[in-house]
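Geometric and topological summary
Read off the chains here:
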Amino acid sequence: MAEMNFYGTPLPYIDHKPYPGKLIVIEGTDGVGRSTHIAELRAWLEAQGHAVSDTGMARSDLAGKGLKEAKLGHTLGRLTMQLFYATDFADRLENEILPALRAGFIVLTDRYIYSAIARAVVRDIDPDWARALYDFAIVPDAIFYLKIKSVNELVMRLISSGRGFDYWESGMDLSLGEDFYESFVLYQSRLLEEFNRMSLEYGFHTINASRSVARVSADLRRAVTAIIEPMAPALEPADSPEVIARLRQDLTVKPKKRKKPAL
Ligand SMILES: Nc1ncnc2c1ncn2[C@@H]1O[C@H](COP(=O)(O)OP(=O)(O)OP(=O)(O)O)[C@@H](O)[C@H]1O
Ligand SMILES: [Mg+2]
């Protein structure tokens, strides 16, 4: 059981009891490999019998759809967008993350409050205000920061995946560069600086993400194993061939010896 710790004042109606699950955050700049590694970790943990839940920014029932619509236009100001993202986070914390942790799930989250704070700070929003906005957040069991060495590597990944540059991932609202490419490089460089600054402050476990997917996965698996070890041992998968063979043996109904009928 882990104690429920918060960065500041929790939401007033939150149950603070220790919880049996684990909250694992995967952070990092756009395109660094978060989705790839969350999918890999999820499959690996589930194969060992763990219950896994995953969540990420702008996926709440309350604000997810509204955020997607807001990102199609530019009518909401910078502070309003921060408040909208904080609303999304509060809804997922209350209705997804905490219930899953109380039920013993390993919750993998694609970004957490750190991305939101970094995005706010690079938009010249007061860093203390941005941190205070999220002080109701629960302190995770682990924060894995996928750190890329240079923004050029991110550019290569985006180009080779055929995705190209997205308006918000390029920070086009900040008018930093002449075009998407230039803006992406400048914006992501600022975000990288911010993540590196937060690394000590929040105790990020840094993973060198400039290596192959397999190497990053191996590091993540090792680090996650250390965190989940104190949890109840993983259940054997219910449908493994060994389990099925044993079940067959146990369930074989041996016919009772019938008494010979009296002649
Ligand atoms: N270690 C790696 N080495 C090379 N390419 C990688 C690595 N990790 C991920 N990729 C590739 O980079 C691209 C982006 O990966 P992915 O979508 O997982 O990143 P993301 O952090 O979730 O991005 P987004 O910010 O857009 O959600 C994909 O094409 C993926 O296959
Ligand atoms: Mg992703």
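Note: the structure precedes this text.
A few points on the structure.

About the thresholds
- Residues numbered from 1 in each chain as written.
- Chains lettered and ligands numbered in written order.
- Predicted model: local features only at pLDDT ≥ 70, side-chain atom pairs only at ≥ 80, totals over all residues.
- Near = placed C-beta within 6 Å.
- Helix = DSSP H or I, 4+ residues; strand = E, 2+ residues; numbered from the N terminus.
- Nonpolar A, V, L, I, M, F, W, Y, C, P; charged D, E, K, R; others polar.
- Pairing = 2+ DSSP bridges.
- Axes fitted to C-alpha atoms, helices over the stretch in contact; angles between N-to-C directions.
- Contact = placed C-beta atoms within 7 Å.
- Buried ≥ 20, exposed ≤ 12 C-beta atoms within 10 Å, placed from the backbone.
- Parallel < 35°, antiparallel > 145°, perpendicular 65-115°, else oblique.
- Left-handed = near helix turned anticlockwise from the far one by under 90°.

With that settled, consider the site of ligand 1. As a structural note, the neighbourhood of ligand 1 is formed by 13 residues, with Gly 33, Arg 34, Ser 35, Thr 36 and Ser 161 the closest of them. Secondary-structure elements contributing two or more residues to the shell around ligand 1 are helix H1 (34-47) and helix H8 (213-228). Sorting elements by how many residues they give to the shell around ligand 1 places H1 first, with 3 residues. Looking at side-chain class alone, the shell around ligand 1 contains 4 nonpolar, 6 polar and 3 charged residues.

The sheet built from 5 strands is open, its strands ordered E2-E3-E1-E4-E5 with parallel pairing. Every other strand in the sheet has two partners, leaving strand E2 (52-56) and strand E5 (205-208) as the edge strands with one partner each. Strand-to-strand twist in this sheet, taken as the mean axis angle between neighbours without regard to direction, amounts to 20 degrees. Where helix H3 (residues 78-102) meets the sheet, it contacts strand E1 (22-27), E2 and strand E3 (106-110), and its direction lies at approximately 160 degrees from that of E2.

When you line up the elements, Ile 117 lands in helix H4 (residues 113-121). Residue Ile 117 is classed as buried on the basis of its 23 C-beta neighbours within 10 Å. Taking the C-alpha atoms as reference, Ile 117 lies 9.3 Å from Phe 195; in sequence the two are 78 residues apart. The contact partners of Ile 117, leaving out residues within four places of it in the chain, are Ala 130, Arg 131 and Tyr 134.

Between helix H6 (residues 151-160) and helix H7 (residues 180-202), the shortest axis-to-axis distance is 9 Å and the interhelical angle comes to 125 degrees. On the basis of the axis angle, H6 is oblique to H7. Here H6 and H7 pass one another in a crossing that is right-handed. In this structure, H6 uses Val 151, Leu 154 and Val 155 to contact H7, whose residues at the interface are Phe 184, Val 185, Gln 188, Ser 189 and Leu 192. Of the residues belonging to the contact of H6 with H7, the class tally is 6 nonpolar, 2 polar and no charged.

Bridge count for E1 against strand E4 (residues 142-147) is 4 bridges, and the pairing is parallel. In the strand pairing of E4, Glu 27 is matched with Tyr 145. The pairing of E4 with E5 spans 4 bridges and is classified as parallel. Counterpart to Phe 144 in the pairing with E5 is His 205.

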